[in-house]
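Take a look at the letters that make up each chain.
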Amino acid sequence: MEAVVSTQSTGEQVPQDQIHYVVGSLPLHHVTSLLKFLVELLTTSRHLHFYILWVSTILTTHGPALKKNSSQIMSTLNGIISALTAQTRTLGSLCDSNQYFMDVILTLGRTQSSKSETSAEMEVF
């Protein structure tokens, strides 16, 4: 457990513009382990964009070598797809909910505004 927290903490210390240097220096056997670890983080972490950058950089940098071993890492690649699909659904639902509440707030604001204008007009007469 401590190794997982340590690895996650270390990964989060890497600035976004330095990810490609770290990924480029990793040997292939570490890359596959890191991808498996990133699948877990994609499903649990709030830093979704950051970990998508890691996965994207790994796949871009080590793609040809990973393609040669694709049968060995297929479950990991499917895990990435599943994690991203789940996050997409969650974010879509959150966006829909936020849109609904914004519509409610705007409608209430218009209603309150029209009530104030109506009562102000009545006071004038």
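Remember, predicted model here, so these are calculated numbers, not experimental data.

## Remarks on the overall build of the chain
Part 1: From N to C terminus, the chain includes 5 helices and 0 strands.
Part 2: Tracing the chain from N to C terminus, the helices and strands come up as α-α-α-α-α.
Part 3: Expressed as a percentage of the 125 residues in the chain, the buried residues total 23%.
Part 4: Counting only contacts in the chain whose residues sit at least 6 apart along the sequence, the fraction spanning at least 24 positions is 76%.

## With respect to the side chain of T76
Part 1: Mapped onto the elements, T76 comes out in helix α5 (residues 70–124).
Part 2: With residues up to four places along the chain from it excluded, the contact list for T76 reads L35, K36 and V39.

## Some points on the packing of helix α3 (residues 28–44) against helix α4 (residues 48–68)
How two helices sit against one another is set out by the angle between their axes and by the gap between those axes.
Part 1: Where α3 meets α4, the axes come as close as 10 Å, and the angle between the chain directions of the two elements is 150°. Classified by the angle between their axes, α3 and α4 sit roughly antiparallel to one another. Crossing handedness for the pair α3 and α4: left-handed. Touching L28, V31, T32, L34, L35, L38, L41 and L42 of α3 are L48, Y51, I52, W54, V55, I58, L59, H62, A65 and L66, all from α4.

## Section: the nonpolar core
In summary, soluble globular proteins display a tendency toward joint burial of nonpolar side chains.
Part 1: Counting 21 residues, the largest nonpolar core has L35, L38, L42, Y51, W54 and I58 as the members making the most contacts within it.
Part 2: Looking at this core, the elements that each hand over two or more residues are α2 (19–25), α3, α4 and α5.
Part 3: The leading source of residues in this core is α3, at 8 residues.
Part 4: With residues up to four places along the chain from it excluded, the contact list for W54 reads G11, V14, I19, V22, V23, L34 and L38.

Reading the values: rules and limits
Residues numbered from 1 in each chain as written. Predicted model: local features only at pLDDT ≥ 70, side-chain atom pairs only at ≥ 80, totals over all residues. Heavy atoms only, no water. Helix = DSSP H or I, 4+ residues; strand = E, 2+ residues; numbered from the N terminus. Buried < 20%, exposed > 50% of the residue type's maximum accessible area, 1.4 Å probe, protein only. Contact = heavy atoms within 4.5 Å. Axes fitted to C-alpha atoms, helices over the stretch in contact; angles between N-to-C directions. Parallel < 35°, antiparallel > 145°, perpendicular 65-115°, else oblique. Left-handed = near helix turned anticlockwise from the far one by under 90°. Core = buried A, V, L, I, M, F, W, Y, C linked by side-chain atoms within 4.5 Å.

Shape descriptors only; they carry no functional weight alone.
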